[in-house]
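Fold and contact review
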Amino acid sequence: MRASSRGPFVFVVILLLLAFFLTGGVCGLWVALDVKDSADRLERWHVRNLDLRAQAAGHLGPHDRLLTATGFRVVGGVPALLGFGLILAPPVAALLG
């Protein structure tokens, strides 16, 4: 019998997915826990972009803010939960049988 040649490919895909979910989870957790005021900085960045976009379009009135710092924390928590959940799901499933 011949050994399957898809083994290294599957291993590389698993490593890429692990790196992707780990990166997304860490970044989401960074924003969700507001490390170094990241959510506040994102809010200021968002408002500044809205100001620049309104100025470029010639609108001088107030703009509609879409997210606040709390909203960024909630939105940051979603990839953190998904990322760490997808990383931890296989070991938990293997332990539970």
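Our structure's up above, just so we're on the same page.
The present account deals with the structure reproduced in this document. (Residues numbered from 1 in each chain as written. Predicted model: local features only at pLDDT ≥ 70, side-chain atom pairs only at ≥ 80, totals over all residues. Heavy atoms only, no water.)

Right, let's talk about the side chain of D34 for a bit. Relative to the helices and strands, D34 resides in the loop between α1 (7-32) and α2 (38-57). Overall, the relative accessible area of 17% leaves D34 in the buried class. Apart from the residues within four sequence positions on either side, D34 is in contact with A39, D40 and R73. (Helix = DSSP H or I, 4+ residues; strand = E, 2+ residues; numbered from the N terminus. Buried < 20%, exposed > 50% of the residue type's maximum accessible area, 1.4 Å probe, protein only. Contact = heavy atoms within 4.5 Å.)

Here the focus is a nonpolar patch on the surface. Where nonpolar side chains cluster on the molecular surface, the patch consists of F11, V12, L15, L16 and L18 and spans about 480 Å² of accessible area. Tracing the chain through its elements places V12 in helix α1. With a relative accessible area of 44%, V12 lands in the partly exposed category. (Patch = residues over 30% accessible without salt bridge, like charges linked within 9 Å, V, L, I, M, F, W, Y side chains within 5 Å. Areas by Shrake-Rupley, 256 points an atom, 1.4 Å probe, with all protein chains shown as cover. Salt bridge = Lys/Arg side-chain N within 4 Å of Asp/Glu carboxyl O.)

Bringing helix α3 (residues 69-96) into the picture now. An α-helix turns once per 3.6 residues; consequently, residues spaced three or four apart project the same way. Taking 1.5 Å of rise per residue, the 28 residues of α3 would be expected to cover 40 Å, and the 38 Å separating its terminal C-alpha atoms lies within 8% of that figure. When the local axis directions of α3 are compared, the greatest deviation, roughly 35 degrees, occurs at A89, which is followed within four positions by the proline P90. By the burial criterion, the buried members of α3 are A69, G71, F72, G76, G77, A80, G83 and I87. The elements touched by buried residues of α3 are α1 and α2. (Expected span 1.5 Å × (residues − 1). Bend = angle between axes of the 7 residues up to and from the residue.)

Below, the discussion takes up unusual backbone geometry. With the exception of glycine, the majority of residues adopt a negative phi angle, and the majority of peptide bonds are in the trans configuration. Positive phi is not limited to glycine here, since D34 has a value of about 55 degrees. Look at D37: it is not a glycine, yet its phi comes out positive at around 55 degrees. Considering the arrangement of structural elements, one finds D37 in the loop between α1 and α2. Note on D37: relative accessible area 42%, which makes it partly exposed.

So, on to the environment of G61. Note that G61 resides in the loop between α2 and α3. G61 sits 29 residues away from P90 along the chain, and the two C-alpha atoms are 52 Å apart.

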